[in-house]
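The residues making up each chain are set out below.
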Amino acid sequence: MYLRVLKCLPVAVILLMTTCSSSRVYAQTSTGGAQLSNAVNLNAFETSVLDINLKGPDGQPVAVTAVVTLLKLSNEAYRQETAKTGHVRFNSIGATEYSIQVVASGYATTVRKVETRNNEVKSLTIELQKLSLEDAAENLAYHALAPKAQKEIGKALELLRAQKVADARSHLDAANRASPNQGEVQYLYGVYEKQTGNAEQAKSYWLKAVEYSPNHLLALISLADAMLRENRETEALPYAKRAVEAEPTSWRAHAILSNVYLRKGSADEAEKEAQRAMELGHDQAAMVQPVLAAALARKGERARAITTLQAYLAERPADAEAKKLLENLQLRTVSGKSVVKDDSKARAVATLQEYVQEHPSDADAKKLLDKLQLQAASVTDVPDEAGIDATEDVPLSLDTASALTLRSSWLPPDVDEKVPPVEQGANCALEDVLLKTGKQVQEFVKNVERFSATEFLKQEAIDKWGMSGATETRKFDYVVAVEEPRPGFLAVEEYRNSGGLPGEFPGGIATNGLPVLALIFHPYNAVNFEMTCEGLTRWDGKPAWQVHFRQRRDKPNTVRSYRLGMDGPSYPVALKGRAWILADSYEIARLETDLIAPVPQIKLVADHTAIEYGPVQFRTHGVEMWLPQSAEVYYGWLGKRIHRRHSFSNYMLFAVDEKQQIADPKAAN
């Protein structure tokens, strides 16, 4: 799908769904009801009453105090009330569409769309999702900090990320003065000391962090890692276990526990934890593969260990320790023939020569043979055939534990940082889920020739300290057309009209394709992704399958690209993400995406999108479709850091008689 870019966007554009090209543009077409004969406006503008019930995942009323805010479509606060027993009522409100924002301690902030009509008492139940222990503690810790401390921490984080360590200390001191005895501040002191090379002082700060915040995940991981580096496995074990207990879905916690078990000689436990870390962290957890290989080797499963290391080194050829481990394992096993302590170097060479003659395409064996022939020493010092020694140093560097917290504070966590919790025991048939979801997406393409909406955009610029700066807003009449002119070829066109007001996106950077990002699950595109069903969860009170997706390396990228200027080159970017698919209807309720890797050629360092979908009933045509209600977009590009919130309302559907002939619209003057 190709998204046509208008001339009012001269600087740059973010494109979604870039499979094919099309030339039509809806130029200067009003989206008002007067010119949309086949569309229905769903809104009325009078007065109504809104009755809201808040429930937890268990179906019981939320007991904690919740702040409920009605937001206008422009994202401005309209009314705000406090719900103390899971119930709140808004009387005499304008009959229109709102976003309802709910903030409650221990629960994820929730935003839902609602439409009210004249003289109506509208009842609505909103299910709040429980925060994980890590998120709840992190959320509580953050809000416990004084505003000045939050600002100073933001500055310290950016300086530590930029390796300007000396400059970060003064901001940490200021944060500590503003909010003393806080676990988060103590943890960052530890990161600072580690970066300055003072490992012992770093540990003392992390110990303080877990004293103030017992479930501080990164402090627990950092302590376990520090103990391992000092060969104090027994002391590391309780911290690693506490990290897993604090956040069972953190791949980093399972990774460090796996390494502790390996170093203590518990190969079965090490394998189990390494496998779990890789399930949770996907590509981010690739660093665990050498530990998994070492655990397999300890169990005598050398073939699996070698395969694991070869796959790891294919992507990370610079890892010298993994190369050494692979060579040691290959020395012990060559086509099932062991070359160990009683064999002379000559016999080892002879065995390898025989093997290479039988397997001339085995490049690894050839390299090993060349190395052995050059070595002057005997191979009698090769470790015993029982496997890798439990004390052999196979470190799992968790410097990325610091990198996690040192990510820019304005960015949400990467989708692979942890897996949201799912129900135990629910069997997810991935092929069936993808088949039925794909049919829903195909039905969407079949039903939609064109639809329009009112789009509100709020943009926040983020300064170099990660703090929100200037805010800009826009309102667009928005038209999207989707069609399949021939099998295997989807065409998507978009047009925005600002009604004579300044219509450019802020900064001249357009975000296109949000309404059709769900086409990732169309059969034409789904084959280009690795899909994993993580299990059954709940979304807005309904059972939903949680599906992870990732762009395949061997398939074309058809989803997102960046373009510099109107006629500049387009740069495809690979995405990974997660979707929540309703178990009864197989509609996509939520979708999140992240970059697989930055794109240095165009200075693209971050791109995170989260879209909430909801049902839209088009009464005239008797069609209900799930369309975006809101979208959060974060990107770091060309030195700019931007957070955008899009909200969509006033959806209208166009239907065109198959016999009707419509000429291409005239171009704008």
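The present account deals with the structure reproduced in this document. (Residues numbered from 1 in each chain as written. Predicted model: local features only at pLDDT ≥ 70, side-chain atom pairs only at ≥ 80, totals over all residues. Heavy atoms only, no water.)

Quick look at helix α6 (residues 217–229)
Because an α-helix completes one turn every 3.6 residues, residues spaced three or four positions apart along the sequence face the same direction. For α6, with 13 residues, the first-to-last C-alpha span of 19 Å sits near the 18 Å given by 1.5 Å per residue. Buried residues dominate α6, accounting for twelve of its 13 residues. Along α6, the residues classified as buried are L217, L218, A219, L220, I221, S222, L223, A224, D225, A226, M227 and L228. (Helix = DSSP H or I, 4+ residues; strand = E, 2+ residues; numbered from the N terminus. Expected span 1.5 Å × (residues − 1). Buried < 20%, exposed > 50% of the residue type's maximum accessible area, 1.4 Å probe, protein only.)

Describing the pattern of salt bridges
Scanning the model with the defined rule gives 36 salt bridges in all. Notably, a salt bridge pairs E230 with K203, separated by 2.7 Å at the nearest N-O pair. Here E230, found in the loop between α6 and α7 (233–246), pairs with K203, found in helix α5 (residues 199–212); they are 27 residues apart in sequence, far enough to count as distant. We note a salt bridge from E301 to R304, for which the minimum N-O separation is 2.7 Å. Overall, E301 belongs to the partly exposed group, its relative accessible area being 26%. Several salt bridges converge on common partners, so that one network encompasses E200, K203, E230, R232 and E235. (Salt bridge = Lys/Arg side-chain N within 4 Å of Asp/Glu carboxyl O.)

Observations regarding the pairing of strand β20 (residues 623–637)
β20 sits mainly inside the fold: 14 of its 15 residues count as buried. Strand direction decides the pairing type here: strand β19 (residues 604–618) and β20, joined by 14 bridges, are antiparallel. Among the inter-strand pairings, D607 is bridged to a residue of β20, identified as Y635. Sheet analysis places β20 next to strand β21 (residues 640–654), joined by eight bridges and oriented antiparallel. (Pairing = 2+ DSSP bridges.)

A short note on the side chain of R590
Along the chain, R590 turns up in strand β18 (residues 588–595). Polar contacts involving the side chain of R590 include one to the side chain of E592, which spans 2.6 Å. A polar atom in the side chain of R590 sits 2.7 Å from the side chain of E612. Those residues in contact with R590 that lie beyond four places of it in its chain are W539, R578, A579, W580, A610, I611, E612 and Y613. (Polar contact = N/O pair within 3.5 Å; in protein donor to acceptor, adjacent residues only side chain to side chain. Contact = heavy atoms within 4.5 Å.)

Quick look at the environment of V492
Checked against the element boundaries, V492 lands in strand β11 (residues 489–497). The spacing of V492 and V516 is 24 residues in sequence and 8.1 Å in space, taken between C-alpha atoms.

A closer look at the sheet that holds β20
Taken in spatial order, the ten strands line up as β11-β10-β9-β21-β20-β19-β18-β17-β14-β13 in an open sheet, and their pairing is antiparallel. With partners counted over all chains shown, the strands left at the sheet margins are β11 and β13 (529–539), one partner each. Pairwise comparison of adjacent strand axes, ignoring direction, gives a mean angle of 20° for this sheet. Of the pairings in the sheet, the one linking strand β9 (residues 450–462) to strand β10 (residues 468–486) comprises twelve bridges and is antiparallel in character. In the sheet register, E460 faces β10, and the bridge partner there is T471. (Axes fitted to C-alpha atoms, helices over the stretch in contact; angles between N-to-C directions.)

Section: the sheet that holds strand β5 (residues 87–94)
Spatially, the three strands line up as an open sheet ordered β5-β2-β8, and their pairing is mixed. Single-partner strands in this sheet number two, and they are β5 and β8 (121–127). Between one strand and the next, the sheet's axes are offset by a mean angle of 20°, whatever the strand orientation. Here seven bridges tie strand β2 (residues 47–55) to β8, and the two strands are oriented parallel to one another. Within the sheet, the bridge partner assigned to K55 lies in β8 and is E127.

Observations regarding the packing of helix α9 (residues 267–281) against helix α10 (residues 289–298)
In the contact formed by α9 and α10, the axes pass within 9 Å of each other and the chain directions differ by 150°. The orientation of α9 relative to α10 falls into the category roughly antiparallel. Both α9 and α10 take part in a crossing whose hand is left-handed. Here α9 contributes A267, A270, E271, A274, Q275 and M278 to the contact with α10, which in turn contributes Q289, L292, A295, L296 and R298. (Parallel < 35°, antiparallel > 145°, perpendicular 65-115°, else oblique. Left-handed = near helix turned anticlockwise from the far one by under 90°.)

Overview of the nonpolar core
With 70 residues, the main nonpolar core has Y187, W206, W251, V288, L309 and L329 as its most contacted residues. Ranked by the residues each element gives to this core, the list is headed by α6, at ten residues. If we skip the residues at most four places from it in the chain, L329 touches A297, R302, A305, I306 and L309. With 63 residues, the next largest nonpolar core counts V492, W580, V616 and Y651 among its residues. (Core = buried A, V, L, I, M, F, W, Y, C linked by side-chain atoms within 4.5 Å.)

Here's the deal with the state of the cysteines
Following the criterion strictly, the structure yields one disulfide and no others. At a sulfur-sulfur separation of 1.8 Å, the disulfide partner of C428 is C533. Taking the sign of the S-S torsion, about 95° here, the bridge from C428 to C533 comes out right-handed. Of the two residues, C428 sits in the loop between α15 (399–405) and α16 (430–447) while C533 sits in strand β13, which places them 105 residues apart along the sequence. Its relative accessible area of 18% is what places C428 among the buried residues. Residue C533 is classed as buried on the basis of its relative accessible area of 18%. (Disulfide = S-S within 2.5 Å.)

Structural notes on the packing of aromatic side chains
Each pair of aromatic rings is reported with the distance of its centres and the angle of its planes. Across all of its chains, the model carries ten aromatic pairs by this definition. One aromatic cluster is present, formed by F521, F529 and F549 through successive ring pairs. Looking at R590, its charged tip hangs above the ring of W580, at a distance of 5.8 Å from the centre. (Phe/Tyr/Trp six-rings, centres within 6.5 Å; stacked < 30°, edge-to-face > 60°. Lys NZ or Arg CZ within 6 Å of the ring centre and 35° of its normal.)

Concerning unusual backbone geometry
Positive phi values are uncommon outside glycine, yet N181 reaches one of about 60°. Position of N181 relative to the elements: it lies in the loop between α3 (165–178) and α4 (183–195). You will see that N650, though not glycine, has its phi angle at about 55°, which is positive. Within the fold, N650 resides in strand β21. Here N650 falls in the buried class, since its relative accessible area comes to 12%.

Notes on the packing of helix α2 (residues 147–161) against α3
In contact at an axis separation of 8 Å, α2 and α3 are set at 165° when each is read in the N-to-C sense. If you check the angle between α2 and α3, you find them roughly antiparallel. In this structure, α2 crosses over α3, and the sense of that crossing is left-handed. On α3, the residues touching K148, A149, E152, I153, K155, A156, L159 and L160 of α2 are V165, D167, A168, H171, L172, A174, A175 and A178.

With respect to the pairing of strand β17 (residues 575–582)
With eight of eight residues buried, β17 is to be regarded as a mostly interior element. Burial along β17 is two-sided: the face carrying L575, G577, A579 and I581 and the face carrying K576, R578, W580 and L582 are both buried. Bridging between strand β14 (residues 542–551) and β17 involves seven bridges; their strand directions are antiparallel. From the neighbouring strand, Q546 faces β17, where its bridge partner is W580. Direction of pairing for β17 relative to β18: antiparallel, over a ladder of seven bridges. Within β18, the residue paired with I581 across the bridge is I588.

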